[in-house]
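Working through the structure, step by step
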Amino acid sequence: MSTITQTVGAPDVRAEDQLVLDVNGLVVELRTPKGTLRAVDRVSFQAFSGRTIALLGESGCGKSMTAKAIAGLLDPIADVAAGQVRLNGTDLAALTPKERRKFAGPELGIVFQDALTALNPVYTVGTQLGEAFRIHHRLSAKAAKVKAVELMRRVGIPEPESRVDSYPHQFSGGMRQRVLIAMAVALNPRLLIADEPTTALDVTVQAQIMALLRDLRTETHMAVVLITHDLALVAEEADTVAVMYAGKVVETGPVREVFAEPHHPYTRGLLDSVPANIGRGEDLKSIAGSPPELHNIPVGCVYQSRCPLVQDICRTVSPPLEPSGAGRTVACHFSKELENA
Amino acid sequence: MPETLLPEPLLEVRQLTKNFHVPGAKGNNTLCALDKIDLHVGRGETLGLVGESGCGKSTLARTLLMLETPDSGSVRFDGVDPFGLKSRDLLAWRRRVQMVFQDPFASLNARMTAGEIVSEPWATHRDLYPTKAARQARLSELFTLVGLRPGDAGKSPQEFSGGQRQRIGIARALALNPDVIVLDEPVSALDLSVQAQVLNLLNELQQRLGVAYIFISHDLSVVRHVADRVAVMYLGRIVETGSTEEVFDRPRHPYTAALMSASPQLDVSGLAPRERIILQGEMPSPLDPPSGCRFRTRCWKAQDICATQAPEPRVSLTDPRHISECHFPLEHTDTEPEPLAHAS
Amino acid sequence: MSSPLANPQLPPGGRAVTPPGTEVIALPRSLAASKPGLFHLLLKDRFATAAAIVLVLVGLTALLGPTLMGDLATKQNLTATNRPPFSLAEGWQFILGSDSLGRSMLARLVVATQTTLSVALPAVGISLVIGSLWGVWAGYHRGWRETISMRIADVIMSFPSLLLAVVVLYVFSPSAANIVLILALTRIPIYLRTARAESAELQSRTFVDAARTFGTKPSSIIRRHVIPVVLPTLLTLATLEFCYVMLAESSLSFLGIGIQPPDVSWGLMVAQGRQYLQTAWWLSLFPGLAIVITTVAANVLAAWLRIATDPAQRWRLTLKHKRKRFIARVPVKEVA
């Protein structure tokens, strides 16, 4: 049995820099018994064709909520309260649900984390794959099935002709994730959102899936928004990164530069927590404390309770996201000091 | 954590085999979960157990915790085989090994308070802390030991964060003062910053209490950080075992090399791209494992002999404790590892 | 011992993760921390509070009514037969009219409450206790215990319960005790099946495994882990069963093999009023109404209890009522 090797981490020089997704000042609010909470607070970032931007953050930072807001899949207690989400020029947030549905598929595809719950257990995989074609291209069931087989072959599922009539539970986890990816890219969307696509998978399967995503991206020049908490994954797969904390973007920039020289204390703290370079028996440098509760977001900088560089101004003035280098931004009053720390 | 092994290991597993009978499955009815596993753990040391889903590590953990009975082979704690004991003696032996589970949500009963959860083991082992005062005191001690406030003992699990819940699980595992703790992916469900805190806690506890760990994880960087020795599992067999440095820096078994390669690396300094091995296919079902070497269906070095003959454990020349099972193990010179094969 | 295939969350090629979307639904910890007492939660829901009040009143009537009414329920007044309700001309006891023997409807209704409840409550209690304990035991141990228990349950359920009751009560005399026993017997399978299903699912949960690792006995595990989790479901079921049993008793009395005169129950009153539906409609209507009101109240309370006793869902009861335009959209220019 042969094994493929693939080069990872090489900069992608063939992409054209076409702006596909422009998120500007997105605010998502939650209605709760304790009042209205901001789960996503004025988040802005951009995705370009042929490139991957990673939304990096820990649980509760709002990255999944951002993805759902872009895709229009928010839970009923959540609402987009402000901001724009421009996909190829059209503001998705301002559309009615009916208008928005036209975009899902041909323009925007989304891959979820858990393929088992994202697929309907009572329909065959072929039916679900063909659904996009039946809705948007109005193909017959038969023609849609042909397209489904083609799709399955494209994403590397072996023996697609016989497996097209199988049910989701008859596939393994990695295969199911391929099916989800196939569904997302069926109509060659300009933008693909991948929400923790490999968190539930084993590491060798993860390598396969990320290779597949990379190939698809090269093939179609789609923009990819990768949502994850895995720093190593970001380092290898993404071109740019937006680091999120407690609903805000605290730093953006090209991945290599941000990881080599972070401008925000939280990014630095995350990088220090990774066990990769610490000797055995030594303590890892963990970030003390935990993220603030959504209803307890302090006035001023949202990271103040855990930041080693905190000063009085951090407790009163919330730092805006400002440019801090070529193609980089950071939201910190003292990012310059971090370089010397 | 001692570098050298004591002559009599604390926990010794020999030729452990466990099969499950699955009714009505296609083909064979026997699920071979563990196939002649050999392992040992010394006092106060950490053995890392690495493998993907379906490799049998959960079954191994459950067997070590005496939740499953092996079909053949032996497990010896301090020289005694607990599976041969009668129920009362067995109960006493259960104190020696405890477990920390992966999912901090599911492993704690949401309807009990944290204090009740941690003190539950004492209800079955009443002789440990016979008086209520003794139990109360020990409870506070345990809470403080794992970094929780003793005053929070009356709260229910929902009121704690994921990392704190895992600390409750660790406190519960310590309640019976075990010699060995099996940790099944203890930090996988936690955020990165919390993960670091919990790993530091585990390290501190080991240094303070001298307890041995069997640390099961799929995250190689974590295993590298915590483990003295490592065992790599594939489809019910241990394919490679040795000290952490040996196995990670000079892997002999192709699967180990593939695992290392597949793990994304946080290469902060480098601009150089690297070659990654992408294994074809997926792990075969344990209901119908491949003949001969179980890894041959995905191995790029497979030859005819791999299908007919199961490989014997071989000792590495550089380190006699580094054992792997492969007909064609990867060779490493002092400076260069063997170049990885391209698609043939 | 569970098989490796018992855990459905670990498909091959994947690992267990916390379910996605918990970010949205699971609220911040401190919201869960502010656990209002059950009583306060009840007061927030108007319908549930009303239902609870109704049931409390019914209960009080059952307890104190007969003592207060004395022999008013049996005192016949042949000069005041079939008096219509809503007139105080004959005295306050005839506010709801009188029946064909001149007895006060109000008094009879009150006394009947005790009889009806004294049949329904013990029947539910017996079937709840026996069915639940049996089911929990069968579900935990699985194997042949489970199989045999389920087959017995199937056998009992395959008889139409009312028909079975009719047959039994015809053969043996229809005393209140017999009615309670036969109703209890026919309802046991409901609890048995539910308890078994929940118990079977629970016994493979991780926290139960954890308890096994300390060597806890099965009976202790059942007592400590299984029963507290299963109990809310069973109690909700019991509340609904209460309605069914009440109606069943009414049906039996209607058929003449339930409560026998001079005892009186709501069902019996409905039966006795059947002939006079055209002329003295109140004879059947008021007891019928009593049955309906009690049943509806119990149903409403059961629905509320279902959510209130589940610690993971309880927060839903504390949400304010959803308003249409809860959040005003901020104009875009305000945002940086």
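No experiment lies behind these values; they were computed from the predicted model shown.

1. A short note on the overall build of chain B
If you tally the helices and strands in chain B, you get ten helices and twelve strands. For 344 residues, the compact-globule estimate of 2.2 N^0.38 gives 20 Å, and the C-alpha radius of gyration of chain B, at 21 Å, lies within 12% of that figure. C-alpha extents for chain B along the principal axes are approximately 70 × 50 × 45 Å. Counting the 344 residues in chain B, one finds 51% classified as buried. A separation of at least 24 residues holds for 67% of the contacts in chain B among residues at least 6 apart in sequence.

2. A look at the overall build of chain A
When helices and strands are counted, chain A shows 13 helices and 13 strands. Taking 2.2 N^0.38 as the reference for a compact globule, 341 residues should give roughly 20 Å; the C-alpha atoms of chain A span a radius of gyration of 21 Å, in line with that estimate. Taking the principal axes of its C-alpha atoms as reference, chain A extends roughly 65 × 50 × 40 Å. Buried positions account for 53% of the 341 residues belonging to chain A.

3. Examining the nonpolar core
Core analysis: the largest hydrophobic core is formed by 278 residues, its most contacted members being A:Leu191 and A:Val225. No other element matches helix α5 (residues 105-141) of chain C, which puts 17 residues into this core.

4. So, the pairing of strand β1 (residues 11-21) of chain B
Residues and elements named next belong to chain B. Pairing geometry for β1 and strand β4 (residues 72-77), over five bridges, is antiparallel. Following the sheet pairing, Arg14 is matched in β4 by Ser74. With eight bridges connecting them, β1 and strand β2 (residues 30-41) associate as antiparallel partners. The residue of β2 that forms the bridge with Glu12 is His40.

5. Thoughts on helix α8 (residues 176-202) of chain C
Relative to the 39 Å expected for 27 residues at 1.5 Å per residue, α8(C) spans 38 Å between its end C-alpha atoms, a close match to the ideal helical length. Within α8(C), the axis deviates most sharply at C:Arg187, by approximately 35°, and proline C:Pro189 lies no more than four positions further along.

6. As for the sheet that holds β1(B)
All names here are of chain B. Overall, antiparallel pairing links the three strands, which are arranged β2-β1-β4 in an open sheet. Each having just a single partner strand, β2 and β4 make up the two edges of the open sheet. With strand direction ignored, the average angle separating the axes of adjacent strands in the sheet is 25°.

7. Some points on the sheet that holds strand β3 (residues 35-48) of chain A
Consider a sheet: its strands pair through backbone hydrogen bonds, and that pairing is either parallel or antiparallel. All names here are of chain A. Across the sheet, which stays open at both edges, the four strands sit in the order β3-β2-β5-β6 with antiparallel pairing between neighbours. With partners counted over all chains shown, the strands left at the sheet margins are β3 and β6 (90-91), one partner each. Of the strand pairs in this sheet, strand β2 (residues 19-32) and β3 are connected by ten bridges, and their pairing is antiparallel. Looking at β3, one finds that Thr32 is bridged to Gly35.

8. Section: the pairing of strand β10 (residues 240-245) of chain A
Residues and elements named next belong to chain A. Of all six residues making up β10, six are buried, and the element is well covered by its neighbours. Of the two faces of β10, the one carrying Thr240, Ala242 and Met244 and the one carrying Val241, Val243 and Tyr245 are both buried. Pairing of strand β4 (residues 52-56) with β10 involves four bridges; the strand directions are parallel. From the neighbouring strand, Leu55 faces β10, where its bridge partner is Ala242. Where β10 meets strand β11 (residues 248-254), six bridges bridge the pair, whose relative direction is antiparallel. Residue Val243 lies in a different strand from β11, and its bridge partner there is Glu251.

9. Considerations on helix α9 (residues 254-262) of chain B
A large share of α9(B) lies buried, amounting to nine of its nine residues. Three or more residues of α9(B) are buried, namely B:Pro254, B:Tyr255, B:Thr256, B:Ala257, B:Ala258, B:Leu259, B:Met260, B:Ser261 and B:Ala262.

10. Points about unusual backbone geometry
C:Pro261 connects to C:Pro262 through a cis peptide bond whose omega is 5°. Residue placement: C:Pro262 occurs in the loop between α10 (218-255) and α11 (266-272). Unusually for a residue other than glycine, B:Met66 sits at a positive phi of about 60°. Judged by local crowding, B:Met66 falls into the partly exposed class, with 19 C-beta atoms found within 10 Å.

11. Observations concerning the environment of B:Ala133
Residue and element names in this part refer to chain B. For Ala133, the location among the structural elements is in helix α4 (residues 132-145). For Ala133, a count of 9 C-beta atoms within 10 Å puts it in the exposed group. Separated by 181 residues in the primary sequence, Ala133 and Arg314 have C-alpha atoms spaced 55 Å apart.

12. Some remarks on the packing of α10(C) against helix α12 (residues 282-308) of chain C
Residues and elements named next belong to chain C. The N-to-C vectors of α10 and α12 enclose an angle of 165°; their axes lie 8 Å apart at closest approach. By the criterion of interaxial angle, the relationship of α10 to α12 is roughly antiparallel. The two elements α10 and α12 cross, and the hand of that crossing is left-handed. In this structure, α10 uses Leu235, Thr236, Thr239, Leu240, Phe242, Cys243, Met246, Leu247 and Ser250 to contact α12, whose residues at the interface are Ile291, Thr294, Thr295, Ala298, Asn299, Leu301, Ala302, Leu305 and Arg306. Residue composition of the contact of α10 with α12, grouped by class: eleven nonpolar, six polar and one charged.

13. Examining the confidence of the model for chain A
Mean pLDDT over chain A works out to 86, with 93% of the residues at or above the 70 mark. The spread of mean pLDDT over the elements of chain A runs between strand β1 (residues 4-8) of chain A, the lowest at 63, and β4(A), the highest at 95.

14. As for the confidence of the model for chain B
Residue-level pLDDT values for chain B average 85, and 91% of them are 70 or greater. Contacts for the low-pLDDT stretch residues 339-344 of chain B, under 50 throughout, to residues beyond four places or in other chains number eleven contacts.

15. Thoughts on the packing of helix α4 (residues 125-137) of chain A against helix α5 (residues 141-154) of chain A
Residues and elements named next belong to chain A. In contact at an axis separation of 8 Å, α4 and α5 are set at 115° when each is read in the N-to-C sense. Relative to α5, the element α4 lies roughly perpendicular. As for how α4 packs across α5, the hand of that crossing is right-handed. Where α4 approaches α5, its residues Gly126, Leu129, Gly130, Phe133 and Arg134 are matched on the opposing element by Ala144, Lys145, Lys147, Ala148, Leu151 and Met152. When the residues that make up the contact of α4 with α5 are grouped by side-chain class, the tally is six nonpolar, two polar and three charged.

16. Comments concerning the environment of C:Ala290
Looking at the element boundaries, C:Ala290 is found in helix α12. Taking the C-alpha atoms as reference points, C:Ala290 and C:Gly267, separated by 23 residues in sequence, lie 10.0 Å from one another.

17. Quick look at the environment of B:Ser188
Residues and elements named next belong to chain B. Secondary-structure assignment places Ser188 in the loop between β6 (180-184) and α6 (192-209). Since 18 C-beta atoms lie within 10 Å of it, Ser188 is described here as partly exposed. Separated by 131 residues in the primary sequence, Ser188 and Asp319 place their C-alpha atoms 31 Å from one another. In contact with Ser188, not counting residues within four places along its chain, are Gln102, Ser217 and Asp219.

Thresholds, definitions, all that
Residues numbered from 1 in each chain as written. Chains lettered and ligands numbered in written order. Predicted model: local features only at pLDDT ≥ 70, side-chain atom pairs only at ≥ 80, totals over all residues. Helix = DSSP H or I, 4+ residues; strand = E, 2+ residues; numbered from the N terminus. Rg over C-alpha atoms; globule rule 2.2 N^0.38 Å. Buried ≥ 20, exposed ≤ 12 C-beta atoms within 10 Å, placed from the backbone. Contact = placed C-beta atoms within 7 Å. Core = buried A, V, L, I, M, F, W, Y, C linked by C-beta atoms within 7 Å. Pairing = 2+ DSSP bridges. Expected span 1.5 Å × (residues − 1). Bend = angle between axes of the 7 residues up to and from the residue. Axes fitted to C-alpha atoms, helices over the stretch in contact; angles between N-to-C directions. Parallel < 35°, antiparallel > 145°, perpendicular 65-115°, else oblique. Left-handed = near helix turned anticlockwise from the far one by under 90°. Nonpolar A, V, L, I, M, F, W, Y, C, P; charged D, E, K, R; others polar. pLDDT = per-residue confidence, 0-100.

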